[in-house]
Amino acid sequence: MKKYNNREKSVIFNNGNTYIDNIFELEKIGSGHDGIVFRFNNLALKLLKYDITLRKDKSLMTYDKAIAFMNRLYVKRTAKPLECMFDEDGVFCGIVMDYIFDVTSSKDLSLRKDSGDFTCRELIECAYDLYDDFSSFTENKILVEDLNRGSYIYSYDYVHLCDMDKFKILNTSGYNLYDNNINKFNFYIAKLLYFEMIKDKNLSKENLRQLSKWVRQVSNGRNFISSLEKSIGSSDDTKVGDFSRSMCKSILHR
């Protein structure tokens, strides 16, 4: 298992026009079990961990997967690979994506914004954009996997989906792929609301179980976004945080 420590590592983009003498000298903006993310101007560079065999075994990012995502997908709110990176030995070692500014963790307080401060209008607009992204995944035989709290970046225009590393490219499509991706889309939006709901520190373990049950139920539905839009109604200028707290009360008192 290969792990990176803070040391010198040069990388070059597959376009051959961008060379970075030491990626570890760049600003580190994120890390996970599968890699470290650095900022380079308006780009985010993900330096991958592990060798190719282990990446394949764990269904992580590979060169073939990155190329497929680059060439096949048109997306609106998903951080997809734009370029591949290679090390000094010419070995694929990472991906290049657009840098998305995270307003929830900005050190500049004038730019910082809480995830619950966006409006329900922005929520619905975001949901429809993401629905188009998930439709693109399905059309291109890409199975969405491993959505978690790290799959959300809150920027100026609200949430963006990130970390496609565990998405799978299938040889065939069909109802199961469509069904899975619709469920994952519903789950992604429901979890977004769930994360707002559980900011209430007074919730009991039983309350949390009820909210998790609600997430599972709406994830398996087919009309979640339309019913969500109906619930919002003309109050689309309401903050998502306020709307989520109201929804939370409704769920817990059914």
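Rules of the game
Residues numbered from 1 in each chain as written. Predicted model: local features only at pLDDT ≥ 70, side-chain atom pairs only at ≥ 80, totals over all residues. Heavy atoms only, no water. Axes fitted to C-alpha atoms, helices over the stretch in contact; angles between N-to-C directions. Helix = DSSP H or I, 4+ residues; strand = E, 2+ residues; numbered from the N terminus. Parallel < 35°, antiparallel > 145°, perpendicular 65-115°, else oblique. Left-handed = near helix turned anticlockwise from the far one by under 90°. Contact = heavy atoms within 4.5 Å. Nonpolar A, V, L, I, M, F, W, Y, C, P; charged D, E, K, R; others polar. Core = buried A, V, L, I, M, F, W, Y, C linked by side-chain atoms within 4.5 Å. Buried < 20%, exposed > 50% of the residue type's maximum accessible area, 1.4 Å probe, protein only. Salt bridge = Lys/Arg side-chain N within 4 Å of Asp/Glu carboxyl O.

Draft legend 1. View of the packing of helix α3 (residues 120–139) against helix α6 (residues 224–232). With their axes 11 Å apart at the nearest point, α3 and α6 run at an angle of 165° to one another. Put simply, α3 runs roughly antiparallel to α6. Relative to α6, α3 is oriented so that their crossing is left-handed. Each of Cys120, Leu123, Ile124, Ala127 and Tyr128 in α3 lies in contact with α6, whose residues at this interface are Ile225, Leu228, Glu229 and Ile232. Split by residue class, the contact of α3 with α6 holds eight nonpolar, no polar and one charged.

Draft legend 2. Region of interest: unusual backbone geometry. With a phi angle near 75°, Tyr50 is a residue other than glycine that sits in the positive phi range. One can find Tyr50 in the loop between β5 (43–48) and α1 (52–57). Positive phi, normally seen in glycine, also occurs at Tyr158, with a value near 85°. On the secondary structure map, Tyr158 appears in strand β10 (residues 158–161).

Draft legend 3. A look at the nonpolar core. One finds Phe137, Leu193, Trp214 and Leu228 to be the most contacted residues of the largest nonpolar core, which totals 63 residues. The biggest single contributor to this core is helix α4 (residues 175–197), with nine residues. Setting aside chain neighbours within four positions, we find Leu228 in contact with Leu123, Ile124, Ile189, Leu193, Phe243 and Met247. Ile23, Phe38, Cys93 and Val96 belong to the second largest nonpolar core, which has 14 residues in total.

Draft legend 4. Just the pattern of salt bridges, in detail. Scanning the entire structure with this criterion turns up 15 salt bridges. Linking Lys199 and Asp114 is a salt bridge whose minimum nitrogen-to-oxygen distance equals 2.9 Å. Taken as a pair, Lys199 in the loop between α4 and α5 (205–219) and Asp114 in the loop between β7 (92–98) and α3 lie far apart in primary sequence, 85 residues in all. Residue Lys239 is joined to Asp117 by a salt bridge in which the shortest nitrogen-to-oxygen separation is 3.7 Å. Of this pair, Lys239 sits in the loop between α6 and α7 (240–252) while Asp117 is found in the loop between β7 and α3, placing the two residues 122 residues apart along the sequence. Assessed through its relative accessible area of 39%, Lys239 is described here as partly exposed. According to the relative accessible area criterion, Asp117 is partly exposed, its value standing at 32%. Connected through salt bridges with shared partners, the residues Asp34, Lys46, Asp163 and Asp165 form a single ionic network.

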